[in-house]
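If you want the building blocks of each chain, they are given just below.
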Amino acid sequence: MREEDKIKAGILFCPGDDELRAIKLRTHNLNVDYNQTHEDESEKRAAILAEMIGSMGEGCFMQGPIAFHYGKHTSIGDHFFANFNLTVQDDAQVTIGDNCNFGPNVTIVTPIHPMLADERNAMYTADGSVKRLCYAKPVQIGNNCWFGASVTVCPGVTIGDNCVIGAGSVVTRDIPSDCFAAGVPCKVIRRLTEADSMKYKPEILADNRVIEADPAKEE
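Below or above, wherever it landed, is the structure these notes cover. A quick note: this is a predicted structure, and the numbers were derived from the prediction, not measured. (Residues numbered from 1 in each chain as written. Predicted model: local features only at pLDDT ≥ 70, side-chain atom pairs only at ≥ 80, totals over all residues. Heavy atoms only, no water.)

With 18 residues, helix α2 (residues 18-35) extends 26 Å between its outermost C-alpha atoms, agreeing within 8% with the 26 Å of an ideal straight helix rising 1.5 Å per residue. Turning to α2, its buried residues are L20, I23, K24, T27, L30, N31 and Y34. An end-on view of α2 places all buried positions within 125° of arc, on one side of the element. Residues of α2 that are exposed and point more than 90 degrees away from the buried face comprise D18, R21 and L25. For α2, the N-terminal cap is D17; the gap from its side-chain oxygen to the backbone nitrogen of E19 is 3.1 Å. (Helix = DSSP H or I, 4+ residues; strand = E, 2+ residues; numbered from the N terminus. Expected span 1.5 Å × (residues − 1). Buried < 20%, exposed > 50% of the residue type's maximum accessible area, 1.4 Å probe, protein only. Arc of directions from axis to C-beta. Polar contact = N/O pair within 3.5 Å; in protein donor to acceptor, adjacent residues only side chain to side chain.)

Next up on the list: the packing of α2 against helix α3 (residues 42-52). Packed helices, taken two at a time, are described by the angle their axes make and the gap between the axes. Here α2 crosses α3 at 165°, and the two axes come no closer than 10 Å. In this view, α2 runs roughly antiparallel relative to α3, as classed from their interaxial angle. For the pair α2 and α3, the sense of crossing is left-handed. Every residue of α3 that contacts α2 at R26, T27, L30, N31, D33 and Y34 is listed here: R45, I48, L49, E51 and M52. Here the contact of α2 with α3 is composed, by residue class, of 5 nonpolar, 2 polar and 4 charged. (Axes fitted to C-alpha atoms, helices over the stretch in contact; angles between N-to-C directions. Parallel < 35°, antiparallel > 145°, perpendicular 65-115°, else oblique. Left-handed = near helix turned anticlockwise from the far one by under 90°. Contact = heavy atoms within 4.5 Å. Nonpolar A, V, L, I, M, F, W, Y, C, P; charged D, E, K, R; others polar.)

Taken as a whole and assessed by the stated rule, the structure comprises 3 aromatic pairs. Ring centres 5.0 Å apart and planes at 90° place the aromatic pair F80 and F102 in the edge-to-face group. Here the residue F80 occupies a position in the loop between β4 (74-76) and β5 (81-82), and F102 occupies one in strand β8 (residues 101-102), the gap between them amounting to 22 residues. Neither residue differs from the other here; F80 and F102 are each classed as buried. (Phe/Tyr/Trp six-rings, centres within 6.5 Å; stacked < 30°, edge-to-face > 60°.)

Attention now moves to the nonpolar core. Counting 35 residues, the largest nonpolar core has M62, L86, F102, I141, F147, I159 and I165 as its most contacted members. Elements represented by at least two residues in this core include exactly α2, α3, β3 (66-68), β6 (86-89), β7 (94-96), β14 (139-141) and β20 (179-182). The element contributing the most residues to this core is α3, with 3 residues. In contact with L86, not counting residues within four places along its chain, are M62, P65, I66, A67, F68, F80, F102 and V106. Grouped together as the second largest cluster of nonpolar side chains are 8 residues, F13, I23, Y70 and C134 included. (Core = buried A, V, L, I, M, F, W, Y, C linked by side-chain atoms within 4.5 Å.)

This part is about the sheet that holds β3. Backbone hydrogen bonds are what pair the strands of a sheet, in a parallel or an antiparallel way. Pairing in this open sheet of 5 strands is parallel, and the strands run β3-β6-β9-β16-β19 from one edge to the other. Of all the strands in the sheet, just β3 and β19 (170-171) have a single pairing partner and so form its edges. Relative to strand β16 (residues 152-153), strand β9 (residues 107-109) is paired through 2 bridges, and the arrangement is parallel. In the sheet register, I108 faces β16, and the bridge partner there is V153. (Pairing = 2+ DSSP bridges.)

Right, let's get into the pattern of salt bridges. Applying the stated criterion to the full structure yields 10 salt bridges. With its nearest N and O atoms 2.9 Å apart, the salt bridge here joins R190 to D196. When its relative accessible area of 40% is taken as the criterion, R190 is described as partly exposed. A residue is classified by how much of its surface remains accessible, and D196, at 25% relative accessible area, is partly exposed. (Salt bridge = Lys/Arg side-chain N within 4 Å of Asp/Glu carboxyl O.)

And the structure:
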């Protein structure tokens, strides 16, 4: 079994495998290329992301600098925005839905290392070789999510649609849809409801207006 197949199977793999190292080296170099571009070099940036990211929808913008580990293991929907210093350690699959917005310094991680130091340093493989091994769990983020600054999403986490994750949170467990969650570890604070609408904050709304849902489209 190839090491990349082991990643997908959720079992121990060797991150130092030649094939995996070649993928990561290519992606790390593309990160450098992206981070050396100017913000208004839209076509150049888009071309680099197209080479690096597994799949990406329309209308996406990443402020940069960015740091993807594999790149090809990440799928991003339409209208994604990431502020400064996005890090995605996508050993396992990372899926981000449509209309997601990330504040600065957001980190998504998928790899997990053995807890015991001796096992973390080295283990025997099936053929008796001694290698450093780890495993990884995928991360899934739904549609219409907002992450505050410095949010960290840990391996194996699923975050539902329409969630707000507070700044500085470390998300170690699944978060259901339509929730505001925050903290270390991140916990659901409350459900998001119509009462959270900006129309109930006239001092902030000023002379702007909320776009009301069209009842005809909801039928």
